[in-house]
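Residue-level structure breakdown
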Amino acid sequence: MPEDDVRFMHEALTLARSGAEHGEVPVGAVVVVDGQIIGRGFNQPIGTHDPTAHAEVMALRDAAAHVGNYRLPGASLFVTVEPCAMCAGAIQHARIGRVVYGTKEPKTGACGSVVDLFAEARLNHHAEVEGGLMAEESAALIASFFQRRRAEARDLRDAGKNNAD
């Protein structure tokens, strides 16, 4: 794996951790052009009350504002988790050239896990997609987040039972 790819995925993981600190599902993304990060994002749908505020969309918004154009041809997007269909559509509309993701998303992944929108011949833009970069770190971040959530829910449930006694 190219050294720069690892560096960009490290930045995406740092953003994912920021999302977790804000109570969001820990997914982070960066948009890169000519070796420079021009857009950053982490999941924010809970805090912003916006179902479209996924990490990829936030990074695309940031990059588009940076260059003054919603189209980002030649850009690469690095994201810790396989994009969903909504994000894949936004990536296609932005004309991103390359998508690199960490771990697969078996429930909503649109890069081959559930569907593969980037391989759909009827669509007019096709990004190069590479999965599995730093997959273990990305998967561990997601797993630990949901383990904490389940433990918190269990603690609340148990506290409710104790108060009923």
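A brief structural summary. Note that the coordinates shown come from a computational prediction; the quantities given were computed from them, not determined experimentally.

For the rest of this paragraph, the subject is the side chain of D5. Topologically, D5 is positioned in helix 1 (residues 3-21). Look past the residues within four positions of D5 in its chain and what remains in contact with it is F78, R98, E130 and L133.

What follows concerns the pattern of salt bridges. Scanning the entire structure with this criterion turns up seven salt bridges. A salt bridge links R40 to E11; the shortest N-O distance between them is 3.2 Å. Within this pair, whereas R40 is found in strand 2 (residues 36-42), its partner E11 is found in helix 1, the two being separated by 29 residues in sequence. With relative accessibility at 23%, the residue E11 sits in the partly exposed group. A salt bridge links R98 to E130; its shortest N-O distance comes to 2.8 Å. You can see R98 sitting in strand 4 (residues 98-103) and its partner E130 sitting in strand 5 (residues 128-131), a full 32 residues away along the chain. On the basis of relative accessibility, which here comes to 17%, the residue R98 falls in the buried class. What makes E130 partly exposed here is its relative accessible area of 29%.

Cut-offs used in this document
Every residue gets a number counted from 1 within its own chain, in the order that chain's sequence is written. Note on the predicted model: pLDDT of at least 70 is required for a residue's local features to be given, and 80 or more for side-chain atom pairs to be given and counted; whole-chain, interface and lining totals, by contrast, use all residues. Hydrogens and water are ignored here; the side-chain numbers use all heavy atoms of the structure. Counting from the N terminus, the helices are the DSSP runs of H or I reaching at least four residues and the strands are the DSSP runs of E reaching at least two. The contact criterion used is simple: two residues touch if any of their non-hydrogen atoms lie within 4.5 Å. What counts as a salt bridge is simple: a side-chain nitrogen of Lys or Arg found within 4 Å of a carboxyl oxygen of Asp or Glu. Throughout, exposure labels follow a simple rule: accessible area from a 1.4 Å probe, protein chains only, divided by the maximum for the residue type, with under 20% read as buried, over 50% as exposed, and the rest as partly exposed.

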